[in-house]
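# Notes for the structure review
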Amino acid sequence: KLKIWLAVSSRTSLSSLVTKLVKHWLLLVRSSNLNKTSLDIYAKAALGNQELLFLFLFVSLVLHDYFPTFALYVIPKNMTYLDTDKQTRADLSITEGIYDEYPLYSLFSKTETKNGKRLMLDWITSPLNDISVIRKRQEAIAWQELPELPLDEEELDFIEYYLEYRDQIRRPNILVSLTSAFDRLLRHDAQRYVIKRGVTLTIRLLNQLESLRTNLPENAPLLLKELAQSIQYTIYSSELKEVVELYKKEKSPSSYIIDKYDYLFRCIHLELIRGLLSHIYILDVCRTAHRIAISKGFCCRPEMTEAMDLSITGFVHPFTEGGRMNDWKMTNGNNICILTGSNMAGKSTTLKAITISVWLAHCGLPVPARSMTSPVFDGIYTSINLPDSLRDGRSHFMAEILRIKEVLQKAKSGKRCLIILDEMFRGTNAQDAFEASIAVNELLRKYPHCSFLISTHILEYAKHFEKDNTCCFYYMDSRIENDQFICPYQLLEGISEAQVGYWLVKKELEGLI
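Residues numbered from 1 in each chain as written. Predicted model: local features only at pLDDT ≥ 70, side-chain atom pairs only at ≥ 80, totals over all residues. Heavy atoms only, no water.

### Here we look at the pattern of salt bridges
To be explicit about the condition: Each reported salt bridge corresponds to a side-chain nitrogen of Lys or Arg within 4 Å of a carboxyl oxygen of Asp or Glu. In this description a helix means any DSSP run of H or I spanning at least four residues, a strand means any run of E spanning at least two, and both kinds are numbered starting from the N terminus. Remark: exposure states derive from per-residue accessible area (1.4 Å probe, protein chains only) relative to the maximum for the residue type, with buried under 20%, exposed over 50%, and partly exposed in between.
The tally for this structure, following the rule as stated, stands at 24 salt bridges. Salt-bridge contacts for D83 lead to K415; the nearest nitrogen and oxygen are separated by 3.1 Å. Residue D83 is located in the loop between helix 5 (71–74) and helix 6 (86–91), and its partner K415 is located in the loop between helix 17 (396–412) and strand 7 (417–422); the two are separated by 332 residues in the primary sequence. With relative accessibility at 29%, the residue K415 sits in the partly exposed group. The partner of D477 in a salt bridge is R479, with the nearest N and O atoms 2.8 Å apart. Its relative accessible area of 14% is what places D477 among the buried residues. Each of D83, K410 and K415 takes part in salt bridges that share partners, so that together they form one network.

### Some points on unusual backbone geometry
Located in the positive-phi region is E423, a residue other than glycine, with phi close to 50 degrees. Note that E423 resides in the loop between strand 7 and helix 18 (430–444). Take E423: its relative accessible area is 17%, and that puts it in the buried class. We note that Y489 has phi near 55 degrees; this positive angle belongs to a residue other than glycine. With respect to the helices, strands and loops of the structure, Y489 is situated in the loop between strand 11 (484–486) and strand 12 (491–493).

### Some points on the sheet that holds strand 6 (residues 379–383)
Worth spelling out the cut-off: Strands were regarded as paired on the criterion that DSSP finds at least two bridges between them. Simply put, an axis is a line fit to the C-alpha atoms, just over the touching stretch for a helix, and the angle between two N-to-C directions goes from 0 to 180 degrees. We call two residues in contact whenever any of their non-hydrogen atoms come within 4.5 Å of each other.
Spatially, six strands are ordered 6-7-8-4-9-12 in an open sheet, and the strand pairing comes out mixed. The open sheet has two edge strands with one neighbour each: strand 6 and strand 12. Averaged over all pairs of adjacent strands, the angle between strand axes in this sheet comes to 20 degrees, irrespective of strand direction. Here four bridges tie strand 4 (residues 336–341) to strand 8 (residues 451–455), and the two strands are oriented parallel to one another. Bridge pairing in strand 8 places I338 opposite I454. This element, helix 16 (residues 347–363), spans strand 4, strand 6, strand 7, strand 8, strand 9 (471–476) and strand 12 of the sheet and lies at about 165 degrees to strand 7. On the sheet, helix 17 packs against strand 6, strand 7 and strand 8 and is oriented at approximately 165 degrees with respect to strand 7.

### Thoughts on the packing of aromatic side chains
The description of two aromatic rings rests on the distance between their centres and on the angle between their planes. What counts is decided by this rule: When two rings of Phe, Tyr or Trp (its six-membered ring) have centres within 6.5 Å they constitute a pair, described as stacked for plane angles under 30 degrees, edge-to-face for angles over 60, and tilted for the intermediate range. Two thresholds decide whether a charge sits over a ring: the Lys NZ or Arg CZ must be within 6 Å of the ring centre and within 35 degrees of the ring normal.
Under the defined criterion, the tally for this structure stands at seven aromatic pairs. Consider the rings of Y102 and F319, whose centres lie 5.5 Å apart with planes at 35 degrees: the pair is tilted. With a gap of 217 residues between them, Y102 in the loop between helix 6 and helix 7 (114–125) and F319 in the loop between strand 2 (310–315) and strand 3 (326–330) connect regions that are remote in the sequence. Judged by relative accessible area, which is 24%, F319 ranks as partly exposed. The aromatic ring of F158 is capped on one face by R197, whose charged end is 4.6 Å from the ring centroid.

### Section: the nonpolar core
Rules: Definition used in this section: a nonpolar core is a set of buried Ala, Val, Leu, Ile, Met, Phe, Trp, Tyr and Cys residues joined via side-chain atoms within 4.5 Å.
Counting residues in hydrophobic clusters, the biggest one holds 103 residues, and the most contacted among them are L240, F265, W328, L365 and L453. Per-element tally for this core: the top contributor is helix 15 (residues 270–296), with 14 residues. Not counting chain neighbours up to four residues away, the residues in contact with L240 comprise L206, T234, I235, L264, F265, L272, I273 and L276. Residues I404, V407, L444 and Y461 belong to the second largest nonpolar core, which totals 27 residues.

### A closer look at the confidence of the model for the protein
Going by this rule: Every residue is assigned a pLDDT by the predictor, reflecting its confidence on a scale from 0 to 100.
Looking at the protein, pLDDT values average 83 and 78% of them are 70 or higher. Of the regions scoring below 50 in pLDDT, residues 28–38 engages in 24 contacts with residues more than four places distant in sequence or in other chains. Note on residues 63–76: pLDDT is under 50 here. Beyond four places in sequence and across chains, it has 32 contacts.

### Comments concerning empty space enclosed by the protein
Our working definition: Cavities and pockets are defined on a 1 Å grid built over the protein atoms alone: a cavity is a set of grid points where a 1.4 Å probe fits but cannot escape, while a pocket is an open set with protein on both sides within 12 Å along at least five of seven lines, and lining residues are those with an atom within 4 Å of any such point. Grid points are joined across faces, edges and corners, and a volume is the space filled by probe spheres set on the points. Following the grouping adopted for this structure description, the nonpolar residues are Ala, Val, Leu, Ile, Met, Phe, Trp, Tyr, Cys and Pro, the charged ones are Asp, Glu, Lys and Arg, and the polar ones are all others, Gly among them.
The full count for this structure, using the stated rule, is nine cavities of 30 Å³ or more. Computed from the structure, the largest cavity encloses a volume of approximately 80 Å³. Every residue lining the largest cavity is listed: L209, L212, L224, L227, A228, I231, H279, I280 and L283. Broken down by secondary-structure element, the contributors of at least two residues to the lining of the largest cavity are helix 11 (190–214), helix 12 (222–236) and helix 15. The greatest single-element share of the lining of the largest cavity, amounting to four residues, is contributed by helix 12. When its residues are assigned to classes, the lining of the largest cavity shows eight nonpolar, one polar and no charged. Roughly 60 Å³ of volume is contained in the second largest cavity. If you list the elements that add at least two residues to the lining of the second largest cavity, you get helix 17 and strand 7. When grouped by side-chain class, the residues that make up the lining of the second largest cavity number five nonpolar, two polar and four charged.

### Structural notes on the sheet that holds strand 5 (residues 371–375)
What the four strands build is an open sheet, ordered 1-5-2-3; its pairing is mixed. Here the strands that pair on one side only, and so sit at the sheet edges, are strand 1 (303–305) and strand 3. Averaged over all pairs of adjacent strands, the angle between their axes in this sheet comes to 15 degrees, without regard to strand direction. Sheet analysis places strand 1 next to strand 5, joined by three bridges and oriented parallel. Its bridge partner lying in strand 5, T305 is registered against P375.

And the structure:
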């Protein structure tokens, strides 16, 4: 069907991109390498293009003849992702740390399986704005009775290796099986070990998953119930049902049975087996997140709401050793928070800690706080560590202006955004910075559907909006006592009056003056 459709499309005005997409899909089918990762790439591309979406659905129906449960993988699901960008990921060190910081991903990377690690990376780099999916993840992670994984890491890795193993795939034949079995008595066959152990482990996997499904309690989280339903449908709507039932009677399959099931697993129902494996990796991610939450005292179920109320109790940056917990909130129409404080008081770290908590909450993962209430945002954007560019002739000050323009265009689009601006206009003189900050703050008032967190050293800018009911004010406490710099890293309400910069300069340059 695909070949015929390609022949027809070559005589039409169909774009080369679309033709390339279908040809690539055909190659995937021929190589039996049509996996969920490949399909997800096309699904995300298709969702943003009506022509591609029509094609995507059409080819999905055609390929349904190849794989009976193809629709489970390719029909676009009602899941939407939070919008962000490269600068924000870099500022928050999501996958790569800057200035020797630990990446956020490393906090949750100790999964029990390699593919569980990959799935955790996908969760933490792709936050959601689908409140129902977020809540399902939270509920599953918080559950105290998460079942053990049905197989250990080495066994699961071997199954993955076996499924990718392309040698000796043939239709089962009892005479060939008997002849091959006799031949193996006379000489060693290393390839047979891969097939025999792969089939044996896959049979065990199916039975362990069936046991997990049947023993799942009634009060299990919705996510696990959905996995159980998928396991039941996958097994009992295919020949895999025969495998489960036979295993209950015969623990050591014959040479012919191994050949028969090998063809079933690696050819006929390859994608079904991979789909079942993906359920194990979801369970692995939930177990890992639950374990981290318990060991570090994180909140597993921050409250996600449609209202624009954002508050966090007992939050801390997850990588500060013995860091002080603080409370913070933006409610009652305050959508602009101005954070003041002296140098080294912890303003940037506090902004990152708040933003990381919001980010993790949208991933459905535990947050480093005692409790939290957050709106479901459409986007998160930060301006913290902006680079200048010698190649583009762009100074740090111009980079700040362009970044502010970029994020405000997101707010102007109507999206509900969390926007972080750390020390605006630090690349210019104090008077220019003061006037520019006031001008930007006036612009921010036009977007009550967004939340803005702004840190500044310019006290006059903060005081200019002190009576503005759209703004709230916090500061990081610091002071000089007995010629010592005291910095408790405590977040308090109000505007800081501390001025310690000159004192720090004198202290550090004392021997040179």
